[in-house]
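The primary structure of each chain is shown beneath.
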Amino acid sequence: MTEQPQSTIKTRFLVVSDTHGRNSIPSSNEPADVAIHCGDLTMGSTLQEFKAAINLLKQINAPLKLVIAGNHDFTLDPSAFQNKIREAQRLQGIDPLLIEKEYGYCGQVRELFEHVDVKEKSGIRLLDEGTHYLTLPNGASLTVYASPYTPSFGEWGFQYSSHECHEFVIGNVDLVMTHGPPRGVLDNTISGRRTGCEHLFERVALSRPRMHCFGHIHGSWGAKLIAWRKMISEKPSHLTDIDNGQSTVIEKLSNIKTSGPRPSYMTSHCADDANPLQHGRHTLFINAAIEGSDDFPSHPAWLVDLDLQRAL
């Protein structure tokens, strides 16, 4: 085993997504430096579900928990929430006070996340879209790009038309956390249709972060260490810019279905690993959707070790 360079710090991430109102996950006691939740904290965006999600996050054994919304968390998207309120009143004549009792007033869920017991004492940070610069409690530096937006299908939150190009402004970052997958990577539905966003893939390919975490497409739970081609296209595509011969499937859902669920799934891509991640050459893609199907209701969470630069 080679000695880890002093300029980097081994950092453990616990990665989940699509918990959909659960108030616990089996791997919450596993120690980590950072927990990542890639959205869909709820199924129906109710206040009670958000309180359960916060309770879940509090249980995770990590000093910092980074969270984004998903399409099911529409009360965090003011325009989508207002549209749903207007629709409920117009079509069904529902009393606004009943809506507020179930879903809260506009902005109330965000206030839950801003509470001192949640943000300061529990280390839970709800991230808006954009780039965030963090110094971790272990002394490492972490630059994160976060976005809850996905291509639209139905009336949900944080969606954009598939005919439009959402601007994912991803620069030089360590980690990308989005709710949905990029086109061509862990984005197949049960029917086999690819549902990832091509614009997101383009921006990730140009950035080549250490890790890209997401969920949204439950049936594509898994992880893959992607090797990039030496020259990235002007308009990158999963068909042309991935070096498939040098890429490695870490795990996929069909494998764990036969062997049974595990409390957590571990993968390490540090300097002393058998398959070390070379920053700029590789990106570790993880679909961390916890919510499963009737035959396999809960997918394992991910534990990932990465080398990060020491903060100045």
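Further up the page is the structure itself.
First things first, this report covers the structure right here in the doc.

Rules and cut-offs
Residues numbered from 1 in each chain as written. Predicted model: local features only at pLDDT ≥ 70, side-chain atom pairs only at ≥ 80, totals over all residues. Heavy atoms only, no water. Helix = DSSP H or I, 4+ residues; strand = E, 2+ residues; numbered from the N terminus. Rg over C-alpha atoms; globule rule 2.2 N^0.38 Å. Buried < 20%, exposed > 50% of the residue type's maximum accessible area, 1.4 Å probe, protein only. Contact = heavy atoms within 4.5 Å. Areas by Shrake-Rupley, 256 points an atom, 1.4 Å probe, with all protein chains shown as cover. Lys, Arg positive; Asp, Glu negative; His and termini not counted. Charge placed at Lys NZ, Arg CZ, Asp CG, Glu CD. Pairing = 2+ DSSP bridges. Axes fitted to C-alpha atoms, helices over the stretch in contact; angles between N-to-C directions. Right-handed = clockwise from strand over helix to strand, strands pointing away. Expected span 1.5 Å × (residues − 1). Phe/Tyr/Trp six-rings, centres within 6.5 Å; stacked < 30°, edge-to-face > 60°. Lys NZ or Arg CZ within 6 Å of the ring centre and 35° of its normal.

### A look at the overall build of the protein chain
The helix and strand tally for the protein chain stands at seven helices and 15 strands. Computed over C-alpha atoms, the radius of gyration of the protein chain comes to 19 Å, within 12% of the 20 Å expected from 2.2 N^0.38 for 312 residues, which places it in the range of a compact globule. Over its C-alpha atoms, taken along the principal directions, the protein chain stretches across nearly 65 × 40 × 40 Å. By the burial criterion, 52% of the 312 residues in the protein chain qualify as buried. For the protein chain, contacts bridging at least 24 residues in sequence account for 71% of all contacts bridging at least 6. Total accessible area computed for the protein chain in this model is approximately 14300 Å², and 49% of it derives from carbon and sulfur atoms. Looking at charge distribution, the protein chain has the averaged site of its 29 positive side-chain charges lying 3 Å from that of its 36 negative ones.

### Examining the sheet that holds strand S6 (residues 141–147)
Strand order in the open sheet formed by seven strands is S5-S6-S9-S10-S14-S11-S12, with mixed pairing between adjacent strands. Each end of this open sheet is capped by a strand with a single partner; those strands are strand S5 (130–135) and strand S12 (248–252). On average, each strand axis in the sheet is inclined to that of its neighbour by 15°, with strand direction left out of account.

### Considerations on the pairing of strand S2 (residues 34–37)
Here S2 shows two buried faces, one formed by Val34 and Ile36 and the other by Ala35 and His37. In this sheet, S2 lies alongside strand S1 (residues 8–16) in parallel orientation, the contact comprising four bridges. Across the sheet, the residue bridging to Leu14 is Ala35, located in S2. As paired elements, S2 and strand S3 (residues 64–67) share four bridges and run parallel to each other. Across the sheet, the residue bridging to Ile36 is Leu66, located in S3. The parallel pair S2 and S3 is bridged by helix H1 (residues 47–59), and the resulting crossover is right-handed.

### Quick notes on the sheet that holds S1
Taking strand neighbours across the sheet as the criterion, the six strands line up as S4-S3-S2-S1-S15-S13 in an open arrangement whose pairing is mixed. What marks the edges here is a single partner per strand, and that holds for strand S4 (124–126) and strand S13 (264–268). If you compare each strand with its neighbour and ignore which way they point, the axes differ by 25° on average. Where S1 and strand S15 (residues 301–309) come together, eight bridges link them in antiparallel fashion. Counted as the bridge partner of Phe13 is Val304 from S15.

### Some points on H1
Taking 1.5 Å per residue, 13 residues should reach 18 Å; H1 reaches 19 Å between its end C-alpha atoms and fits that length. Those residues of H1 that fall on the buried side of the exposure criterion are Leu47, Glu49, Phe50, Ala52, Ala53, Ile54, Leu56 and Leu57.

### A short note on the packing of aromatic side chains
Counted by the stated rule, this structure contains 10 aromatic pairs. Ring centres of Phe74 and Phe81 lie 6.5 Å apart, and the angle between their planes is 50°; on these two criteria the pair is classed as tilted. In terms of burial, Phe74 and Phe81 fall into one category: buried. Within the aromatic cluster, the residues linked to one another by ring pairs are Phe74, Phe81 and Tyr103. Above the ring of Phe74, the side-chain terminus of Lys84 is found at 4.9 Å from the ring centroid. In this arrangement the basic side chain of Lys84 is found over the ring face of Trp156, its NZ or CZ atom lying 5.6 Å from the centre.

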